[in-house]
Amino acid sequence: MLTKWRIFAMNHQKISNIHLNIICCCKIRASLKRSKIHVPLARNYSSLPGLIGNDIKSLHSIINPPIAKIRNIGIMAHIDAGKTTTTERILYYSGYTRSLGDVDDGDTVTDFMAQERERGITIQSAAVTFDWNGYRVNLIDTPGHVDFTMEVERCLRVLDGAVAVFDASAGVEAQTLTVWRQADKHKIPRICFLNKMDKTGASFEYAVESIREKLKAKPLLLQLPIGEAKTFRGVVDIVRKEKLLWNSNSEDGKDFERKPLSEMSDPELLKETTEARNALIEQLEPEFRTLQTAIHRVTLAQAAVPVLCGSALKNKGVQPLLDAITAYLPSPEERNYEFLQWYKGDLCALAFKVLHDKQRGPLVLLRIYSGTLKPQLAIHNVNKNCTERMSRLLLPFADQHVEIPSLTAGNIALTVGLKHTATGDTIVSSKSSVLAAARRAEREGGKQNRQSSEAERLLLAGVEVPEPVFFCTIEPPSVAKQPDLDHALKCLQREDPSLKVRTDPDSGQTILCGMGELHIEIIHDRIKREYGLETYLGPLQVAYRETILNSVRVTDTLDRTLGDKRHLVTIELETQPAEAPSVVPLVEYAEGVSEDLLKASQEAIENGVHSACLQGPLLGSPVQDVAITLHSLIIHPGTSPTMVSACVSRCVQKALKKAEKQLLEPLMSLEITVTGDYLSPVLADLAQRRGNIQEIQTRQDNKVVIGFVPLAEMMGYSTVLRTLTSGSATFALELSAYQAMSPQEQNMLLSQRRGST
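Only a predicted model underlies this, so the values are computations on that prediction, with no experimental measurement involved.

A look at the overall build of the protein
For the protein, the count of helices and strands is 20 helices and 38 strands. By residue count, 56% of the 757 residues in the protein fall in the buried class. In the protein, the share of contacts with a sequence separation of at least 24, taken over all contacts with a separation of at least 6, comes to 76%. Within the structure as shown, the protein displays about 32,500 Å² of accessible surface, and the carbon and sulfur contribution to it stands at 50%.

The structure is reproduced here in structure tokens:
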């Protein structure tokens, strides 16, 4: 058995080379002032759990613990709420690291990329596995920056529970709302951890109220802080009526004492705790045997969220948080996944992250929902309809990779050897397995919606990829390096589905499309560091959209002879504004169009329509909110589908050019947190950027400006805001919608573009 185990202990330098992106997190430090490069520090790690010297204890429990003892959780929050610091403390107290990592020192386990070290951010997703009091915890640290929302989305898809971390001085912030909505979509039970209770301005009451008001959640107070800001020294356990005090002389926070509250020594604290406990009991359903069981049940039902507090940086409150994770968040078997009933214990897994390693090739992170994974196993990819062979199976124990002989349902694994699998793909044991599952779904679901039963019930829901809002050209240092650049971009796209790459049909240049300035900057930097290519980026441009304002009816004929075959198509169609917003064009057919002709040519027609709407007549931007009605279609016998598509595409383009056209620009929701002293210059600057202020809230000693602003006006805004506020303000942007530009702004933009070409 021992020969099947290989332990890959890696220092941070090796990890940055391997890109073990197993930590779904992007944390932009508010203090972007820091510019020095952090050199990875030497770290010491404890031995693998259960491994003492060369002995292996309870091998089966290490690899495959009982499913009731597994917790797949994520840590999510707004930027700089303390996600990575909390993760570091969790790993330290669970015995998987021997020293406390610090984001500012650039030596955390989960931030290993050069870009993360330099910026104090976590960009790539990484999962760490550890044990706590007999429980196996697979933890994923999720991004806080809007540019990397996609990283949060794909990780939440495979989690059973989450810890939402809040800055106790700020409460609910802009990106908190975003990740909370994402967790709502995936129906994930949550625990709230009010971090930074030691920070000046920290307010437990304010933070709890912001959860209630802004998130519309029902907070269950399980703890009360003992002191706030500089006086914070511990917490009260409301369930047990005990106080937990951390020894001020303890450097690592391991040394703390738990004491029952007494009338003699803590009369006020006991009174406050008793009132809070009575309020907690009133919030819970009375029929459960114990208070802990009741809290677990309402958390699982998402009827309420337990609230704990502490300070990860000051090493206070993390151990009780770990206890709460194992006690209140669900195990995989407590989550209801409808599709599992069709597989009857056969393998069913979801690929939620793909990484590229220069030595090993693609590394794929899988969440196993049912069945067992083994190395050298041939698996079937339902999405790609292909069979692949997995060469190796690994568990990520903090900074160690452990090669394992098998892994069962409920776990998260790192696999080697899957060359075609991409994010969102469903993995099963064989094609016959998925066909058998489809038959079961049909039998139990009846004859209705047979096709949707197979497609929707058996394919696990993938990851929704947002449309990019920025783009720029990217060029290699020489034409000879173009294939290398294409390879690098292909690998990065497989890792990051929110990165889009296309070729400009006119210039032949490669276009890079991303979620924001930081996203594109990181991609550019990774191409240089990881692939050794010194590429050149063109000016960053906003991804506009186009639409039409009136109906236009046109006719077109395509008549070509290729060899001895004549291709003849005549089409009459009408373009008009769609009644409801739609990113893709809506295609309708008039009654006079032959059904037999449609059966043979519908796919070609719709391909032609979609092709024509990829580039509008004004800026070459995608066309949206358009409906197209086909009134007449005449196809000469022997005409190829390609010619039908070409004729439809040309006809649609003709109609779009004739119509009255409108440019749409991305409108961003904006939240700025600023001290009252700097509020006036910030508002004056926003007015010049066509900003629309919705409200100004008060958050402790700060003002929070909430509004909308066109993305085109926000280029380089972080630098401007730092200058205006002496580095004291923070802001968050998120795409709200695409809005019509005013005639003046549209004409000005068109003049600029035409003048630059």
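Right, picking up where we left off after that structure.
Re unusual backbone geometry
Residue Ala229 is not a glycine yet carries a positive backbone phi of 55°. A positive phi angle is found at Gln376, which is not glycine, with a value near 65°. As for its position among the elements, Gln376 is in the loop between strand S17 (372-373) and strand S18 (377-381).

Quick word on the layout of surface pockets
Put simply, the second largest pocket is a space of about 1,400 Å³. Elements supplying a minimum of two residues to the lining of the second largest pocket: strand S25 (470-475), strand S26 (500-503), strand S27 (510-514), strand S29 (541-542), helix H16 (595-612), helix H17 (641-658) and helix H20 (743-756). Of the residues in the lining of the second largest pocket, the class split is 24 nonpolar, 15 polar and 9 charged.

A closer look at the side chain of Gln319
You can see Gln319 is positioned in helix H10 (residues 318-328). For Gln319, a relative accessible area of 7% gives the class buried.

Some remarks on the environment of Tyr544
Structurally, the position occupied by Tyr544 is in the loop between S29 and strand S30 (545-548). Sequence separation between Tyr544 and Tyr738 is 194 residues; the distance between their C-alpha atoms is 8.3 Å. Ignoring anything within four residues of it in the chain, the contact list for Tyr544 reads Leu619, Ser621, Pro622, Leu664, Glu665, Pro666, Ala712, Tyr738, Met741, Leu749 and Arg753.

Here's the deal with the sheet that holds strand S11 (residues 234-237)
Remark on secondary structure: sheet strands pair via backbone hydrogen bonds, oriented parallel or antiparallel. The strand order across the open sheet formed by 4 strands is S10-S11-S12-S13, and the pairing between neighbours is antiparallel. Only two strands of the sheet have a single partner each, and these edge strands are strand S10 (223-226) and strand S13 (256-260). Here the strands of the sheet are splayed against their neighbours by 25° on average, with no regard to which way each runs. The pairing of S11 with strand S12 (residues 242-246) spans 4 bridges and is antiparallel. Each bridged residue has a counterpart across the sheet, and for Asp237 the counterpart in S12 is Glu242.

Some remarks on the packing of aromatic side chains
As enumerated under the stated definition, the model contains 3 aromatic pairs in all. Taken together, a centroid distance of 4.8 Å and an interplanar angle of 25° make the contact between Trp246 and Phe256 stacked. Linking Trp246 in strand S12 with Phe256 in strand S13, this pair joins segments that are 10 residues apart in sequence. With a relative accessible area of 26%, Phe256 lands in the partly exposed category. Summarising the aromatic geometry, the rings of Tyr717 and Phe731 are spaced 5.1 Å apart at their centres and angled 85° between planes, so their arrangement reads as edge-to-face. One end of the pair, Tyr717, is in helix H19 (residues 717-725); the other, Phe731, is in strand S38 (residues 730-740), with 14 residues separating them in the sequence. Over the ring of Tyr369 we find Arg367; its NZ or CZ atom is 4.6 Å from the centre of that ring.

Describing the packing of H16 against H17
H17 packs onto H16 with a crossing angle of 40° between their chain directions and a minimal axis gap of 7 Å. On the basis of the axis angle, H16 is oblique to H17. As H16 runs across H17, the sense of the crossing is right-handed. Residues Ala604, Ile605, Asn607, Gly608, Val609, Ser611 and Ala612 of H16 form the contact with H17, whose participating residues are Pro641, Val644, Ser645, Val648, Ser649, Val652, Gln653 and Leu656. The class makeup of the residues in the contact of H16 with H17 is 9 nonpolar, 6 polar and no charged.

Notes on the sheet that holds strand S34 (residues 626-635)
Here 4 strands make up an open sheet; going across it, the order is S31-S32-S34-S33 and the pairing mixed. Edge positions in the open sheet fall to strand S31 (552-562) and strand S33 (586-589), since each of these has one partner strand only. Each strand of the sheet is rotated relative to its neighbour by a mean of 30°, with strand direction disregarded. The pairing of S33 with S34 spans 4 bridges and is parallel. Residue pairing for S34: Glu588 is matched across the bridge by Thr629. Sitting on the sheet, H17 touches S31, strand S32 (565-577) and S34, and the angle it makes with S31 is about 145°.

Concerning helix H7 (residues 204-214)
Turning to H7, its buried residues number three or more, namely Phe204, Ala207, Val208, Ser210 and Ile211. Buried residues along H7 cover an arc of 155° about the axis, so they all sit on one side. Looking at the buried positions of H7, the neighbouring elements they touch are strand S7 (161-167), strand S8 (190-195), strand S9 (219-221), S10 and strand S14 (305-309).

Structural notes on the pattern of salt bridges
This model, assessed by the stated rule, comprises 25 salt bridges. Of the charged contacts, one joins Arg526 and Glu495 as a salt bridge, the two residues approaching to 3.0 Å between their closest N and O atoms. Highlighted residues: Arg526 in helix H15 (residues 517-531) and Glu495 in helix H14 (residues 482-495), separated in sequence by 31 residues. For Arg526, a relative accessible area of 5% translates into the label buried. In the salt-bridge network here, residues are joined through shared partners; they are Glu665, Arg690, Glu713 and Glu745.

A closer look at the pairing of strand S15 (residues 348-357)
A large share of S15 lies buried, amounting to 10 of its 10 residues. Across 9 bridges, S15 lies against strand S16 (residues 361-370) in antiparallel orientation. Across the sheet, residue Val354 finds its bridge partner in S16, namely Val364. With 3 bridges connecting them, S15 and strand S24 (residues 426-428) associate as antiparallel partners.

Focus: the side chain of Gln697
Inspection of the secondary structure assignment puts Gln697 in strand S36 (residues 692-699). Here the side chain of Gln697 touches Glu695 through a polar contact of 3.4 Å, side chain to side chain. Those residues in contact with Gln697 that lie beyond four places of it in its chain are Lys214, Asn702, Lys703, Val704 and Ile706.

What counts as what
Residues numbered from 1 in each chain as written. Predicted model: local features only at pLDDT ≥ 70, side-chain atom pairs only at ≥ 80, totals over all residues. Heavy atoms only, no water. Helix = DSSP H or I, 4+ residues; strand = E, 2+ residues; numbered from the N terminus. Buried < 20%, exposed > 50% of the residue type's maximum accessible area, 1.4 Å probe, protein only. Contact = heavy atoms within 4.5 Å. Areas by Shrake-Rupley, 256 points an atom, 1.4 Å probe, with all protein chains shown as cover. 1 Å grid on protein atoms, 1.4 Å probe; cavity = no way out; pocket = protein on both sides within 12 Å on 5 of 7 lines; lining within 4 Å. Points joined across faces, edges and corners; volume = space filled by probe spheres on them. Nonpolar A, V, L, I, M, F, W, Y, C, P; charged D, E, K, R; others polar. Pairing = 2+ DSSP bridges. Axes fitted to C-alpha atoms, helices over the stretch in contact; angles between N-to-C directions. Phe/Tyr/Trp six-rings, centres within 6.5 Å; stacked < 30°, edge-to-face > 60°. Lys NZ or Arg CZ within 6 Å of the ring centre and 35° of its normal. Parallel < 35°, antiparallel > 145°, perpendicular 65-115°, else oblique. Left-handed = near helix turned anticlockwise from the far one by under 90°. Arc of directions from axis to C-beta. Salt bridge = Lys/Arg side-chain N within 4 Å of Asp/Glu carboxyl O. Polar contact = N/O pair within 3.5 Å; in protein donor to acceptor, adjacent residues only side chain to side chain.

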